[in-house]
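# Structural overview
Residues per chain, in single letters:
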Amino acid sequence: MIETRTTPAQESSFDGPGAISMSQADFQRIAGRVQEDYGIHLPQAKKDLVYSRLLRRVRFHGFVDFGTYCDHVESVAGVPERTEMLSALTTNVTHFFREKHHFDLLSSSVLPPLLDAARRGGRVRLWSAGCSSGQEAYSLALTVLALCPDAARYDIRILATDIDPKIVARAQEAVYPAAERAAIGEPLLSRFTESEPEGDSFRIAASARALVTFATLNLIGEWPVRGPFDVIMCRNVAIYFGDAAQHRLWQRFTSFMQPGAHLFIGHSERIVGPAEARLENVGITAYRVLQQRDGTGQRPDTKGATK
Ligand SMILES: C[S@@+](CC[C@H](N)C(=O)[O-])C[C@H]1O[C@@H](n2cnc3c(N)ncnc32)[C@H](O)[C@@H]1O
């Protein structure tokens, strides 16, 4: 999410004549708000990065310094700017079939019994949490369709959520540059994508789009979702959360899953905190929910309506 991009020299000279300055106190206000609202930890080492990422927002408003920008963000009138600030500070880097070994595990052992259950009238729920522009959710959809081309006939749904409403809107469009076709590969490309008239982009086919429901959701806020989920993918999101937020996130996921359900996390993330005792490792950054000692499964704290 927070990219470690080099700050252009002219933008990091906070104190030069005519420069828009960001004091340590400004940085701490921004870091505090981002931590509180989104769980994202911005260490001191990210100060230059925060400066360069937000400078265009400060200029956009015509403010002369970051202090005025912070005042605006914290005001009632500044609520929409908080979304812009979030978009500027996070990166949405993603691609189709990222960490392919997860999709191999899904195809070989996780999905077949779930799809059999769906064919017998069962309910199957997958969640791409922190879905960015949608490639992860559509990779799940394509994996399901490859195994079960008539998935639409069954009670199979994929929920895809992200905190950033702009990126969720893009994900819903399901249009991607032609360069991303290679990551999908044949035969999925021919079966489940459509070329756009301009020729330099393609769209995920209606059969795959129909399996996915998108929503805006803050993983450290309320979850208006209805579990339980059979598969949760939350990859390359928690890595930027503070320790407490990570512990809580893994714990909350397990409370939305029953024994036997699977959780997939990012390659540089690890399960920490109380959730460790509820999960067994079944592959690279892939986990299965264990039966609890008292024989129970899901904690009944699921609520709301998002399927
Ligand atoms: C690097 S992308 C990961 C996309 C995809 N999961 C993958 O691994 O390719 C991280 C995404 O997490 C989202 N994000 C950051 N903080 C979040 C939060 N508190 N709740 C939900 N999503 C969040 C960002 O908006 C961004 O789209």
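Each remark here, short or long, concerns the structure printed above.
Residues numbered from 1 in each chain as written. Predicted model: local features only at pLDDT ≥ 70, side-chain atom pairs only at ≥ 80, totals over all residues. Heavy atoms only, no water.

## Some points on the overall build of the chain
What counts is decided by this rule: Comment: elements are numbered from the N terminus, with helices defined as DSSP H or I runs of at least four residues and strands as E runs of at least two. Type-normalised accessible area, obtained with a 1.4 Å probe on protein chains alone, sets the label of each residue: buried when under 20%, exposed when over 50%, and partly exposed for intermediate values. Pairs of residues are marked as contacts when any of their non-hydrogen atoms sit within 4.5 Å. Per-residue and other accessible areas follow the Shrake-Rupley method at a 1.4 Å probe size, with only the shown protein chains counted as cover for residues.
Helix and strand counts for the chain come out as 12 helices and 10 strands. Taken over 307 residues, the chain has a buried fraction of 50%. Pairs at least 24 residues apart make up 74% of the contacts formed inside the chain by residues separated by at least 6 positions. When the accessible surface of the chain is summed, it comes to about 13,800 Å², and 52% of that surface belongs to carbon and sulfur atoms.

## Focus: the packing of helix α6 (residues 100-119) against helix α7 (residues 135-147)
What counts, and what does not: To get an axis, a line is fitted to the C-alpha atoms, and for a helix only the part in contact is used. The angle between two axes follows their N-to-C directions and goes from 0 to 180 degrees. Crossings are assigned a handedness: left-handed for a near helix turned anticlockwise from the far helix by less than a right angle, right-handed for a clockwise turn. Residues are sorted three ways: Asp, Glu, Lys and Arg are charged, Ala, Val, Leu, Ile, Met, Phe, Trp, Tyr, Cys and Pro are nonpolar, and all the rest, Gly among them, are polar.
The contact between α6 and α7 brings their axes to 9 Å, and the two run at 60°. Relative to α7, α6 is oriented so that their crossing is right-handed. Of the residues in α7, those touching α6 at Phe 103, Leu 106, Ser 107, Leu 111, Pro 112, Leu 115 and Arg 119 are Glu 136, Ser 139, Leu 140, Thr 143, Val 144 and Leu 147. Counted by class, the contact of α6 with α7 contains 8 nonpolar, 3 polar and 2 charged residues.

## Examining the nonpolar core
Heads up, the rule is: Among buried residues, those of type Ala, Val, Leu, Ile, Met, Phe, Trp, Tyr and Cys that are joined through side-chain atoms within 4.5 Å constitute a nonpolar core. An automatic or database domain assignment supplies the residue ranges for each domain.
Ile 30, Trp 127, Leu 219, Trp 250, Phe 253 and Leu 263 are the most contacted members of the largest nonpolar core, which has 51 residues in total. Formed jointly, this core draws a minimum of three residues from each of two domains, domain 1 (9-89) and domain 2 (100-289). When near neighbours in sequence (up to four residues on either side) are disregarded, Trp 250 contacts Cys 234, Ala 238, Leu 263, Ile 265, Glu 269, Arg 270, Ile 271, Val 272 and Ala 275. Within the second largest apolar cluster, 45 residues are counted, among which are Phe 103, Leu 106, Val 144 and Ala 160.

## Some words on unusual backbone geometry
What you tend to see is this: most non-glycine residues have negative phi, and most peptide bonds are trans. Along the chain, Glu 186 connects to Pro 187 via a cis peptide bond; the corresponding omega equals 5°. Of note, Pro 187 is situated in the loop between α9 (181-184) and α10 (188-192). Along the chain, Gly 227 connects to Pro 228 via a cis peptide bond; the corresponding omega equals -5°. Tracing the backbone through its elements, the reader meets Pro 228 in the loop between β6 (212-216) and β7 (229-234). One non-glycine residue with positive phi stands out, namely Phe 97, at about 50°.

## Some details on the site of the ligand
The line we're drawing: Being near a molecule or strand, for a residue, means having at least one of its heavy atoms within 4 Å of it. Within 3.5 Å is the distance limit for a polar contact, defined as a pair of N or O atoms, with the added protein rule that one can donate a hydrogen and the other accept it, and that residues adjacent in sequence qualify only through two side-chain atoms.
Looking at the ligand, there are 21 residues lining it, with Thr 94, Arg 98, Gly 130, Asp 162 and Asn 236 nearest. Between the ligand and Gly 130, the relevant distance is 2.8 Å, taken from a nitrogen atom to a main-chain nitrogen or oxygen of the residue. Between a nitrogen atom of the ligand and a main-chain N or O atom of Leu 219, the distance comes to 2.9 Å. Relative to its free-state accessible area of 600 Å², the ligand is covered by the protein chains to the extent of 99%. Class assignment for the residues of the shell around the ligand results in 9 nonpolar, 7 polar and 5 charged.

## Considerations on the side chain of His 72
For His 72, the position within the fold is in helix α4 (residues 66-74). A residue is classified by how much of its surface remains accessible, and His 72, at 18% relative accessible area, is buried. What His 72 contacts, discounting residues up to four positions off in sequence, is His 61, Phe 63, Ala 77, Gly 78 and Glu 81.

## Considering the pattern of salt bridges
Worth spelling out the cut-off: By convention in these notes, a salt bridge is any Lys or Arg side-chain nitrogen within 4 Å of a carboxyl oxygen on Asp or Glu.
A complete count under the given rule lists 12 salt bridges for this structure. A salt bridge links Glu 84 to Lys 166; its shortest N-O distance comes to 2.8 Å. Taken together, the residues span a long stretch of sequence, with Glu 84 in helix α5 (residues 79-89) and Lys 166 in helix α8 (residues 165-173) at a distance of 82 residues. On the accessibility criterion, Glu 84 (22% relative accessible area) is partly exposed. With a closest N to O distance of 3.0 Å, Lys 100 and Asp 104 form a salt bridge. Of this pair, Lys 100 and Asp 104 both sit in helix α6, separated by 4 residues, roughly a single helical turn. Judged by relative accessible area, which is 37%, Asp 104 ranks as partly exposed. Members of the salt-bridge network, linked through shared partners, are Arg 57, Glu 81, Glu 84 and Lys 166.

Shape descriptors only; they carry no functional weight alone.
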